[in-house]
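So you can see what is in the structure, the chains are spelled out below.
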Amino acid sequence: MPNKKIVVLTGAGVSAESGLSTFRDSGGLWDGFDVNEVASIDGWHKKPQKVLDFYNLRRIQAAKALPNLAHLHLKKLEENFEVVIVTQNVDDLHERAGSSNVIHLHGKLSEARSEVDPYEIIEIGINNINIGDISKDGTQLRPAIVWFGEMVPMIEIAAHEVSTSDILIVIGTSLAVYPAAGLIHYAKNEIRKIIIDPSKPELISLSGWEHIPKRATEGVPELVNDLINTILNERT
Ligand code: OAD
């Protein structure tokens, strides 16, 4: 029998206990920054230096952060399940925890792209992007982040993964941003659907969801150990 497939949709809450701010909690990133200035194509055209400063700072913060128990337990799930992580996060903490199949819906801090071609990408690691840094096609490099109002190239692949999952786990996202939030509607009716988040996003007050109202570093290890014990018992 092939392993059951678990798709895990994560948001900023999974990295919160690694010291990276969420967006919409009080004191979150969108309290201190205007989303239209730093995370939109319009903001980029008006104040590119401000946008670069914002992501250069976030890149350094993410590089200093370490995967937490939630990231590490999601890696552990791979021992007994096929696991696909679909993350809205631009950090690489899932990868650094060892997860082997991670889809980044909103891009990655460690990549820069051409201003005109979203597929002309270069790996920059922890380096800054500066005004005057040029892509192969001669245009200014910009963060390879999917900004508000832009297409989300990975959305169809992610939707396919959710639609073929046997269990869907959602961790630490307000489900306030589309099209990412809409992914939950691709899950088959009969599958187990679980959300781990101290708050319950409005979108899943619908029936059929189990809500674990805990922080990621507490709720994820508990759930992962429970899922592994259950599958091992089923197999014996
Ligand atoms: P939000 O800031 O909107 O939501 C964070 C969620 O994490 C909330 O539901 C919190 O209750 C929860 N949370 C906080 N601390 C937690 C913890 N320790 N453990 C578990 N959950 C916790 O962040 P996202 O939903 O990820 O996009 O935001 C989605 C997108 O909006 C981001 O990818 C970003 C942003 O604008 C772009 O910049 C394009």
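Residues numbered from 1 in each chain as written. Predicted model: local features only at pLDDT ≥ 70, side-chain atom pairs only at ≥ 80, totals over all residues. Heavy atoms only, no water.

> Can you break down the side chain of Q140 residue by residue, with the values?
In this structure, Q140 sits in the loop between strand 5 (121-123) and strand 6 (141-145). Relative accessible area serves as the criterion here: at 13%, Q140 is assigned to the buried category. In this structure the side chain of Q140 is engaged in a polar contact, spanning 3.0 Å, whose partner is the backbone oxygen of N130. At 2.7 Å, the side chain of Q140 forms a polar contact with the backbone nitrogen of G132. Not counting chain neighbours up to four residues away, the residues in contact with Q140 comprise W44, L52, R113, S114, E115, I129, N130, I131, G132, D133 and I134. (Helix = DSSP H or I, 4+ residues; strand = E, 2+ residues; numbered from the N terminus. Buried < 20%, exposed > 50% of the residue type's maximum accessible area, 1.4 Å probe, protein only. Polar contact = N/O pair within 3.5 Å; in protein donor to acceptor, adjacent residues only side chain to side chain. Contact = heavy atoms within 4.5 Å.)

> Kindly report on the nonpolar core, identifying the contributing residues and their values.
Ranked by internal contacts, the top residues of the largest apolar core, which has 24 residues, are L9, V86, L105, L168, L183 and I184. Secondary structure elements with two or more residues in this core: strand 1 (5-10), strand 2 (82-87), helix 8 (155-163) and strand 7 (167-171). Discounting residues that sit within four places of it in the chain, V86 has contacts with V7, V8, L9, T10, I103, L105, A158 and L183. With 23 residues, the next largest nonpolar core counts L74, V83, V102 and I196 among its residues. (Core = buried A, V, L, I, M, F, W, Y, C linked by side-chain atoms within 4.5 Å.)

> Residue-level account of the sheet that holds strand 5, with values.
Pairing is antiparallel across the open sheet formed by three strands, whose spatial order is 5-4-6. The sheet is open, and its two borders are formed by strand 5 and strand 6, each paired with just one other strand. Strand-to-strand twist of the sheet, defined as the mean angle between neighbouring strand axes without regard to direction, takes the value 45°. Note: strand 4 (residues 107-114) against strand 5, three bridges, orientation antiparallel. Its bridge partner lying in strand 5, R113 is registered against I121. Together, strand 4 and strand 6 form the strand contacts of helix 5 (residues 48-64), whose direction differs from that of strand 4 by roughly 140°. (Pairing = 2+ DSSP bridges. Axes fitted to C-alpha atoms, helices over the stretch in contact; angles between N-to-C directions.)

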